[in-house]
Amino acid sequence: MPYLVEFKNVSTVGLESSPVAAALAGLRANEARYYSNKYGHVFTVSPAHEAPEVIDRVSRILKEERDIVIGSRALEATGFEVDGLRMDYVFYESGLSINVMYSIEDGGKRAVGFKLAEGMEIPEELSGFKFARQKSKLAGVIRGSYFVIKGEY
């Protein structure tokens, strides 16, 4: 059952098993606010078991592009199209959020983004990335990094 992510009343629904549930909920709400403000898109997520195709697509891109396998359990995922972009998000129990931005048009922007909820350590599988810090009213300090997708998916 999809869950509408609110950014005015941040909730940990679906994320309760995470040791940084409140920060991860803030991170998820931060994404919801961004898509609402920029595109008028309502950000919804589903439990991981209801969105295997999104998790499989994100996992495949990580594996094929950078030989990355995420060790944490996926809690929620969502996939949608907005402004010519295919967007996939996976929220993990560790506090990690991964998004894949994939332009539908050839030659457009295609990248994988990583965001770490406040309070989590950098996962070993992402230790080679440099993370920039960003402050968010909803999520505290978010650390983020990304890489450009070179393959076709």
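For the structure itself, look to the data block above.
Because the structure is predicted, anything quoted here is derived from the model rather than measured.

## Things to note about the sheet that holds strand S4 (residues 85–92)
Right, so step 1: What the eight strands build is an open sheet, ordered S1-S2-S3-S4-S5-S6-S8-S7; its pairing is antiparallel. Either end of the sheet is taken by a strand with one partner, and the two such strands are strand S1 (3–4) and strand S7 (132–136).
Right, so step 2: For S7 and strand S8 (residues 140–148), the ladder comprises five bridges, and the chain directions are antiparallel. From the neighbouring strand, Ser-136 faces S8, where its bridge partner is Gly-140.
Right, so step 3: Sheet contacts for helix H1 (residues 21–39): S1, strand S2 (44–47), strand S3 (74–82), S4, strand S5 (96–103), strand S6 (110–116), S7 and S8; angle to S4, the most-contacted strand, approximately 165°.
Right, so step 4: Packing of helix H2 (residues 52–66) onto the sheet brings it into contact with S3, S4, S5, S6 and S8, and relative to S4 it is tilted by some 95°.

## Thoughts on the packing of aromatic side chains
Right, so step 1: Throughout the structure, instances matching the rule amount to 14 aromatic pairs.
Right, so step 2: Each ring, one from Phe-80 and one from Tyr-89, has its centre 6.5 Å from the other, and the planes form 5°; the classification is stacked. The same class applies to Phe-80 as to Tyr-89, namely buried.
Right, so step 3: When the centroid spacing of 6.0 Å and the interplanar angle of 15° are considered together, the rings of Tyr-89 and Phe-91 count as stacked.
Right, so step 4: A relative accessible area of 2% places Tyr-89 in the buried class.
Right, so step 5: An aromatic cluster of three or more residues is present, and its members are Tyr-34, Tyr-35, Tyr-39, Phe-43, Phe-80, Tyr-89 and Phe-91.

## Things to note about the environment of Ala-51
Right, so step 1: Assignment of secondary structure puts Ala-51 in the loop between S2 and H2.
Right, so step 2: On the basis of relative accessibility, which here comes to 4%, the residue Ala-51 falls in the buried class.
Right, so step 3: Measuring from C-alpha to C-alpha, the distance between Ala-51 and Ala-77 comes to 6.1 Å, with 26 residues separating the pair along the chain.

Procedures and definitions
Residues numbered from 1 in each chain as written. Predicted model: local features only at pLDDT ≥ 70, side-chain atom pairs only at ≥ 80, totals over all residues. Heavy atoms only, no water. Pairing = 2+ DSSP bridges. Helix = DSSP H or I, 4+ residues; strand = E, 2+ residues; numbered from the N terminus. Contact = heavy atoms within 4.5 Å. Axes fitted to C-alpha atoms, helices over the stretch in contact; angles between N-to-C directions. Phe/Tyr/Trp six-rings, centres within 6.5 Å; stacked < 30°, edge-to-face > 60°. Buried < 20%, exposed > 50% of the residue type's maximum accessible area, 1.4 Å probe, protein only.

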